[in-house]
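Results of the structural survey
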Amino acid sequence: MTASTPAPGADRDDTGRVVVLGGGLAGVACAHKLGDEGIAVTLVDRNNYHQFQPLLYQVATAQLPAEDIARPHRTIFRELPAVEIRTTQATGIDLEHRTVTLAGGEQVSGADLVIAAGARPEYFGVPGAAEHAFPLYSVADAERLRLHLQDMVRAGSEAGADAGLLDIVVVGGGPTGVEISGAITELMAALVATGRISTPGRIVLIDRGKTLLGGFSDKSHEYAHEKLSSDGADPRLTTGVTAVHADRVELDDGTSIRTRTVIWGGGESAASVIGTATGLKTGRGGRIDVLPDLSVEGHSHVYAVGDAANIPAKDGAILPQLGSVAQQAGLWAAENILRERRGDKREPFRYKDKGIMAMIGRNAAVAEVGRHRHQVEGPVAFAAWLGVHAMLLSGAHSKADAFLSWAWDYFDRDHAAIVEWSDTPQRIVWGDDSADVPHITVDRPGPDTTAGRS
Ligand SMILES: Cc1cc2nc3c(=O)[nH]c(=O)nc-3n(C[C@H](O)[C@H](O)[C@H](O)COP(=O)(O)OP(=O)(O)OC[C@H]3O[C@@H](n4cnc5c(N)ncnc54)[C@H](O)[C@@H]3O)c2cc1C
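These numbers come from a predicted model, not from an experiment.

Calculation criteria
Residue indices begin from 1 for each chain and proceed along its sequence in written order. Local features in a predicted model are, by the rule used here, given only for residues with pLDDT of at least 70; side-chain atom pairs are given and counted only at 80 or more, and totals for whole chains, interfaces and linings are based on all residues. Excluding hydrogens and water, the side-chain values take into account all heavy atoms of the structure. For salt bridges, the criterion is a side-chain nitrogen of Lys or Arg within 4 Å of an Asp or Glu carboxyl oxygen. Note on exposure labels: buried denotes an accessible area under 20% of the residue type's maximum, exposed denotes more than 50%, and partly exposed covers the range between, all computed with a 1.4 Å probe on protein chains only. The criterion for a residue being near a molecule or strand is simple. One of its heavy atoms has to lie within 4 Å of it. Side-chain atoms alone can form a polar contact between residues adjacent in sequence; in general such a contact is a pair of N or O atoms within 3.5 Å, and within protein one must be able to donate a hydrogen while the other accepts it. Surface exposure here means Shrake-Rupley accessible area, sampled with a 1.4 Å probe, where a residue is shielded only by the protein chains that are shown. Pairing between two strands requires that DSSP report at least two bridges joining them. Strands here are runs of E lasting at least two residues and helices are runs of H or I lasting at least four, both read from the DSSP assignment and numbered beginning at the N terminus. Interaxial angles span 0 to 180 degrees and are taken between N-to-C directions of axes, which are lines fitted to C-alpha atoms, for helices over the stretch in contact. It only takes one pair of heavy atoms within 4.5 Å for two residues to be counted as in contact. When the strands point away from the viewer, a crossover counts as right-handed if the route from the first strand across the helix to the second turns clockwise. We call a set of buried residues a nonpolar core when its members are Ala, Val, Leu, Ile, Met, Phe, Trp, Tyr or Cys and they connect through side-chain atoms within 4.5 Å of each other. Domain borders in the structure are assigned automatically or taken from a domain database.

**Comments concerning the pattern of salt bridges**
Using the criterion set out here, one finds 17 salt bridges in the structure. A salt bridge links glutamate 250 to arginine 248; the nearest nitrogen and oxygen atoms lie 3.4 Å apart. Take glutamate 250: its relative accessible area is 27%, and that puts it in the partly exposed class. What emerges from the salt-bridge pattern is a single network uniting Asp247, Arg248 and Glu250.

Here it is as structure tokens:
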């Protein structure tokens, strides 16, 4: 049952229900904790599944089927009857009444509202980018890119390298751009090694900055640059994209690159539904500036977490848009709601820093961990990446160890020999509920179902 719309001016919803907008890493962690404590929750998400963004590259490059990184919400919350799932688009937020308007006009409200709607791609007004570039923020984005690459490979292998159908431009040298460039260079090598194409396509990675992986140390910048270059990609720094067309991109140095595939990792901003909340204080990236306890100033029963929020760190900086920040903040918001209901004081969010890391390819990653950001690279960093991400996955999957064994098995073998350029990449053997497959549609969605991380 859904809590009904409160009368205008009603102060609290006496049912004690919590409305959670967004079923990503933050929203799932929050709803799970509350549901576990028997608190009635309404979880609203446009998709009937939770998606695990760190593995989108593997889906886009046919290393993993989409079903393995998208887990149905009904499965995640199967054991928690207190959590009601509403699979629909949210079209509005009313902070004062802690109410979310759903497509069709229905409203759901709660005693507390947790906004965990994530982000969307930010094209910074670059002409043609929204129409022609491929963002990589959702499973649908990854599937769309995979199907497009598949078409390009088929057409390109017939037309030959001169036709340039396999040439790819990646925009943005942050983790998204670096990781997808790494995955695609490996894919090209595998396609050549298995005889599917004779010459790999050109992969140009463009960024306005002076380095790749801007937020990382110089050592990591160099490692990423060298690894991608030695694998055949062409990182071009201090260069901006000024326009994207169906068949080329234009650059700010006056040149253009012929390509049918522009992958956008150029930036992100908060989910567009956040713009519907009048009186909301937003800051960098259109995200909600939250107080240290994760609530929204002036609306103490509204929380914002994950990629939708600017969450202050102890030193006053803003925490990065990372899975571990989202997951921990979602859980913390739930705990603050519980603390308050017990009559205790809310606590300011304390983030347990897992470090920053980027996977560039098989056994190739950079990781910077610990208080002093100790830098590691190569297989050690790759192992750290797997460990941290298995923990993140465990929020939605009961068998995160299945992910680890898939990963070791897959990445340990000769990649070129096993890449299957088919509709059925090797699945993870979850051993629990693999049959419960989410419904994923790859129709080009509205502007808010896709986004890119910078
Ligand atoms: C390509 C990529 C790779 C990444 N790799 C890593 C990595 O390696 N390590 C790492 O730590 N982090 C990584 N991240 C970042 C990490 O995935 C995010 O920080 C994290 O997923 C944010 O979680 P969230 O719950 O805030 O948002 P999301 O996971 O985006 O969830 C938001 C949810 O809200 C729903 N929603 C939004 N608007 C509406 C609406 N109007 N109506 C209904 N539902 C709505 C969406 O459908 C979605 O399910 C990556 C991100 C991307 C895009």
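**Quick look at the site of the ligand**
Lining the immediate environment of the ligand, one finds 33 residues, of which Asp45, Gln53, Ala90, Asp307 and His389 sit closest. Glutamine 53 has a polar side-chain atom sitting 2.6 Å from an oxygen atom of the ligand. At 3.3 Å, a side-chain N or O of tyrosine 137 approaches an oxygen atom of the ligand. Bound to the protein, the ligand loses 98% of the 1000 Å² it would expose on its own.

**Details of the sheet that holds strand S26 (residues 374–377)**
Judged by pairing direction, the sheet is antiparallel, and its 3 strands sit side by side in the order S24-S25-S26 without closing on themselves. Each edge of the open sheet is held by one strand with a lone partner, namely strand S24 (356–361) and S26. Looking at each pair of strands side by side, their axes are set apart by 10 degrees on average, direction ignored. With 5 bridges connecting them, S24 and strand S25 (residues 364–369) associate as antiparallel partners. Each bridged residue has a counterpart across the sheet, and for alanine 358 the counterpart in S25 is valine 366. Contacting S24, S25 and S26, helix H7 (residues 218–230) crosses the sheet at an angle of about 175 degrees to S25. Its contacts with the sheet place helix H9 (residues 379–393) against S24, S25 and S26, and it is angled at close to 115 degrees to S24.

**Side note on the pairing of strand S2 (residues 41–45)**
With 5 of its 5 residues buried, S2 lies for the most part within the structure. Where strand S1 (residues 18–21) meets S2, 4 bridges bridge the pair, whose relative direction is parallel. When the bridges of S2 are listed, leucine 21 appears paired with valine 44. Chirality of the crossover, the property in question, places the unit of S1, helix H1 (residues 25–36) and S2 among those that are right-handed. Looking at chain direction, S2 and strand S5 (residues 83–87) are connected through 5 bridges and run parallel. Within S5, the position partnered with leucine 43 by the bridge is isoleucine 85.

**As for the nonpolar core**
Core analysis: the largest hydrophobic core is formed by 117 residues, its most contacted members being Leu34, Ile115, Ile180, Ile274, Leu294 and Ile311. When residues of this core are assigned to domains, at least three fall in each of domain 1 (18–46 + 88–121 + 269–342) and domain 2 (129–266 + 355–418). What isoleucine 311 contacts, discounting residues up to four positions off in sequence, is Val290, Leu294, Val305, Gly306, Ala317, Ile318, Leu319, Val325, Ala329 and Phe349. Counting residues in each nonpolar core, the second largest holds 15 residues, with Tyr123, Ala133, Val204 and Val244 among its members.

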